[in-house]
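# Structural characterization, general
Residue strings, one per chain:
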Amino acid sequence: MKQLALLFTLAATLLCSCRPDRPKQEITAAMAYEGVSNYCHQTYDWTVAQENPDIMSVAMGEETDSTYQVVFRSYTAAQVFFHVDKATGTTRMETVVPALDVREAAGTINILDFLEDD
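Tallied over the entire structure, the rule returns two salt bridges. Residue Lys-86 is joined to Glu-63 by a salt bridge in which the shortest nitrogen-to-oxygen separation is 2.7 Å. Of this pair, Lys-86 sits in the loop between β3 (79–85) and β4 (90–97) while Glu-63 sits in strand β1 (residues 57–63), placing them 23 residues apart in sequence. Under the relative-accessibility criterion, Lys-86 is labelled buried at 8%. Looking at Glu-63, the relative accessible area reads 52%, which means it is exposed. Between Glu-94 and Arg-103 there is a salt bridge, with the nearest N and O atoms lying 3.2 Å from each other.

The next thing to look at is the sheet that holds β4. The strand order across the open sheet formed by five strands is β1-β2-β3-β4-β5, and the pairing between neighbours is antiparallel. The open sheet has two edge strands with one neighbour each: β1 and β5 (102–110). Each neighbouring strand pair of the sheet contributes to a mean axis angle of 25°, computed without reference to strand direction. Relative to strand β2 (residues 67–73), β1 is paired through five bridges, and the arrangement is antiparallel. Residue pairing for β2: Val-58 is matched across the bridge by Phe-72. In the packing of helix α2 (residues 29–43) onto the sheet, the strands contacted are β1, β2, β3, β4 and β5, and the crossing angle to β1 comes to about 145°.

How each quantity is defined
- Residues numbered from 1 in each chain as written.
- Predicted model: local features only at pLDDT ≥ 70, side-chain atom pairs only at ≥ 80, totals over all residues.
- Heavy atoms only, no water.
- Salt bridge = Lys/Arg side-chain N within 4 Å of Asp/Glu carboxyl O.
- Helix = DSSP H or I, 4+ residues; strand = E, 2+ residues; numbered from the N terminus.
- Buried < 20%, exposed > 50% of the residue type's maximum accessible area, 1.4 Å probe, protein only.
- Pairing = 2+ DSSP bridges.
- Axes fitted to C-alpha atoms, helices over the stretch in contact; angles between N-to-C directions.
- Contact = heavy atoms within 4.5 Å.

As structure tokens, this is what we get:
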């Protein structure tokens, strides 16, 4: 029985160690901006902004020791705040509609999934 448990532990260790991990790297402000911009251009319809590009935008917001904030502004006046963790790239999204005083969680993404490979 001990041999079976040892074999299982060894197999699990090998399988986990073969998993492709992302390299550990600090997320920069430029990476946060690029990733959010890429996500927004893939996710939201920008055709309404072709004639007037100022009605939709992505801009850097506040920065803390651990996060960058990137803000997407839609032509509908809604805003999506992206809180990018500097250490992991995990990004918490929050939708805000100021005119309706609405603020709600909008999910999470990993910003590294939206950076272009060099």
